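If you want the building blocks of each chain, they are given just below.
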Amino acid sequence: MPIPFTPDRTRAWVRMPSGRRLDLLDPTPFDWDDADLALGLARTYRWGGHSAWPLPLSVAQHSIAVMLLRRAAAPSITPLEELRELLHDAEEGLLGFDAISVIKPFLGDAFRALTKRLEHMVFLRYGLPAWDTRSHAAHKRADRLAAATEAVHVAGWSREEVRRTLKIRAEVLAEDPLAAYYDCRPWEPWAPGVACERFLAELERLKASAHG
């Protein structure tokens, strides 16, 4: 018989590097600072941490790539919309966990509710508008394009496996949007310190542009 899950309310919080406390069951928009978020995303890895490179790919690097892909697809995108793209996986940095798709069905409703609460707090803190149908569809196109490309160039999947196994129909990019933006080696995952610094710089730039 399965054992029912009962959250331990004696400590449902995690300590941020800044010293702030994030209560996972009752979060507020003030439980982390920008550097906490940037570092968390830089140390949270996509593809279960698996990589064809010496380092895995961080969610921070992925988030910047998605932002750049949305900008390329819609040059008229506003700074606030770009900020929403940059922060689309922010709750994963607060948790330090990016669940691979095959285990998500096993995590249950409690975990989904927890991540939704964190996502809501992120939107409140940074003044982000809720997704509407059109903007979310545009975001998902960029996110899937990044995922298909990462699968091949970073995680080592073949294009056929991306289509048949991962069920991602997006094209695989031939050129890395990050390479031209940062003059870095195409497709190579960044070290956590580099990913943190670059994400934080984008976050500060877009906050100033969107709300300044």
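Residues numbered from 1 in each chain as written. Predicted model: local features only at pLDDT ≥ 70, side-chain atom pairs only at ≥ 80, totals over all residues. Heavy atoms only, no water.

Novice: Any chance you could explain the pattern of salt bridges here in plain terms?
Specialist: Counting across every chain of the model gives twelve salt bridges. Here aspartate 34 ties to arginine 125 by a salt bridge, and the two come within 3.7 Å at their closest N and O atoms. Of this pair, aspartate 34 sits in helix α1 (residues 34-42) while arginine 125 sits in helix α5 (residues 104-125), and the two are 91 residues apart along the sequence. In this structure aspartate 34 comes out as buried when scored by relative accessible area, which is 10%. Relative accessible area serves as the criterion here: at 26%, arginine 125 is assigned to the partly exposed category. Each of Arg71, Glu82, Glu202 and Arg205 takes part in one network of salt bridges that share partners. (Salt bridge = Lys/Arg side-chain N within 4 Å of Asp/Glu carboxyl O. Helix = DSSP H or I, 4+ residues; strand = E, 2+ residues; numbered from the N terminus. Buried < 20%, exposed > 50% of the residue type's maximum accessible area, 1.4 Å probe, protein only.)

Novice: Got a minute to help me understand the side chain of glutamate 92 in this structure?
Specialist: Checked against the element boundaries, glutamate 92 lands in helix α4 (residues 90-95). For the buried glutamate 92, no salt bridge is present, and the opposite-charge side chain at shortest range is lysine 104, 5.4 Å distant. Glutamate 92 has contacts with Leu41, Thr44, Val59, Phe97 and Asp98, leaving out every residue within four places of it along the chain. (Lys, Arg positive; Asp, Glu negative; His and termini not counted. Contact = heavy atoms within 4.5 Å.)

Novice: Explain the packing of aromatic side chains here, please?
Specialist: Given two aromatic rings, their pairing is described by the distance between the two centres and the angle made by the two planes. Under the counting rule described, the total for this entry stands at four aromatic pairs. Aromatic side chains tyrosine 182 and tryptophan 190 sit 5.2 Å apart centroid to centroid with 80° between the ring planes, which places their arrangement in the edge-to-face category. An aromatic cluster of three or more residues is present, and its members are Tyr181, Tyr182 and Trp190. One Lys or Arg, arginine 21, reaches over the ring of tryptophan 13 and ends 3.9 Å from the middle of that ring. (Phe/Tyr/Trp six-rings, centres within 6.5 Å; stacked < 30°, edge-to-face > 60°. Lys NZ or Arg CZ within 6 Å of the ring centre and 35° of its normal.)

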